[in-house]
Amino acid sequence: MSASAEMPYFIKPSINLSTEEKHRAYREAIAAIDANLAGETQDMIKMVTINCLLKTYLPYFYWTGFYLVQDGRLIVGPYQGTLGCLYINFGRGVCGKAATERKTQLVPNTHALAQGSEHIACDPNSLSEIVVPVFNGKEELIAVFDVDSTLEGSFDEVDQSYLEQILRVFAD
Ligand code: SME
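Just so it is clear, the model here is predicted, and its values are computed rather than measured.

(A) Region of the structure containing helix α4 (residues 157-166). Burial in α4 covers these residues: Val158, Asp159, Tyr162, Leu163 and Ile166. Angular distribution of buried residues about the axis of α4 spans 115 degrees; they occupy a single face of the element. The backbone nitrogen of valine 158 has a side-chain oxygen 2.9 Å away, supplied by the residue at the start of α4, namely aspartate 156.

(B) Representation of the site of the ligand. The environment of the ligand is made up of Trp63, Tyr67, Ile88, Gly93, Val94, Cys95, His119, Ile120, Cys122, Glu129, Asp146 and Asp148. Note that a nitrogen atom of the ligand is positioned 2.9 Å from one of the side-chain N or O atoms of glutamate 129. Separating an oxygen atom of the ligand from a side-chain N or O atom of aspartate 148 is a distance of 3.1 Å. Burial of the ligand by the surrounding chains reaches 98%, relative to a free accessible area of 310 Å². Because more than half of its atoms lie within 2 Å of the grid, the ligand is assigned to the largest cavity. The set of elements that each furnish at least two residues to the shell around the ligand consists of β1 (63-70), α3 (93-101) and β6 (141-149). The biggest single contributor to the shell around the ligand is α3, with three residues. When grouped by side-chain class, the residues that make up the shell around the ligand number seven nonpolar, two polar and three charged.

(C) Region of the structure containing the pattern of salt bridges. The tally for this structure, following the rule as stated, stands at four salt bridges. A salt bridge links arginine 24 to glutamate 20; its shortest N-O distance comes to 3.6 Å. Of the two residues, arginine 24 and glutamate 20 are both situated in helix α1 (residues 19-37); the distance of four residues between them amounts to about one turn of the helix. For arginine 24, a relative accessible area of 39% gives the class partly exposed.

What counts and what doesn't
- Residue numbers here run from 1 along each chain, matching the order of that chain's written sequence.
- In keeping with the model being predicted, local features are shown solely for residues with a pLDDT of at least 70 and side-chain atom pairs are shown and tallied solely at 80 or more, while totals for entire chains, interfaces and linings include all residues.
- The side-chain figures draw on all heavy atoms in the structure; neither hydrogens nor water molecules are used.
- A 1.4 Å probe rolled over the protein chains alone gives each residue an accessible area, and that area as a share of the maximum for its type sets the label: buried under 20%, exposed over 50%, partly exposed in between.
- Here a helix means four or more residues in a row that DSSP labels H or I, a strand means two or more in a row labelled E, and each is numbered from the N terminus.
- Each C-beta atom gives one direction from the helix axis, and the arc is the one those directions make.
- Under this definition, polar contacts are N or O atom pairs within 3.5 Å; protein pairs additionally need one hydrogen-donor-capable and one acceptor-capable atom, and for neighbouring residues in sequence, both atoms have to be side-chain atoms.
- Nearness of a residue to a molecule or strand requires only that one of the residue's heavy atoms be within 4 Å of it.
- Only the protein chains shown count as covering a residue, and every accessible area follows the Shrake-Rupley method with a 1.4 Å probe.
- For cavity detection a 1 Å grid was placed over the protein atoms alone, and a set of points counts as a cavity when a 1.4 Å probe fits there but cannot get out; an open set counts as a pocket when protein lies on both sides within 12 Å along at least five of seven lines, with lining residues being those that have an atom within 4 Å of a point.
- A cavity or pocket is said to hold a molecule if more than half of that molecule's atoms lie within 2 Å of its grid points.
- Only Asp, Glu, Lys and Arg are considered charged in this grouping, and only Ala, Val, Leu, Ile, Met, Phe, Trp, Tyr, Cys and Pro are considered nonpolar; every other residue, Gly among them, is considered polar.
- The term salt bridge refers to a side-chain nitrogen of Lys or Arg lying within 4 Å of a carboxyl oxygen of Asp or Glu.

Nothing here speaks to function; it is geometry throughout.
Written as structure tokens, this is what we have:
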């Protein structure tokens, strides 16, 4: 099934937030994540809960999910959104770059990147993106967390700081 520009009934276009609104939304999301994941040890449960609660509190989180490290490449993990590509090689796309560099990638305009190499367009509605590497307690890369917005410039250092904080739950 090829990606379609038409959004399915269960997905709405992104709404950007001001910096002040972002801080408030992340504080509420973190409170909900902490309440629901207190004492949780299973990574899959952490992933599905983080997807759901971040998508609930951050209205610009369009495609929200994880790509897991398996046999030297990324495979699609838990996500919410339209059909995501199933496999991504390290170094390819924004996710593959985040995995290779082990650093958060902030992309204000995905369409400014070389398509198919610097950016993989699972959904043509994606206009900006952030990808955050996920490490376990031994600082091994276990996944990347990928968020797309249907608006340009949705993500900045505020998102990077909060998401890196939230994703440290996988190092516990
Ligand atoms: N855009 C990502 C691919 C994953 S889809 O967006 C869900 C990338 O360029 O790596």
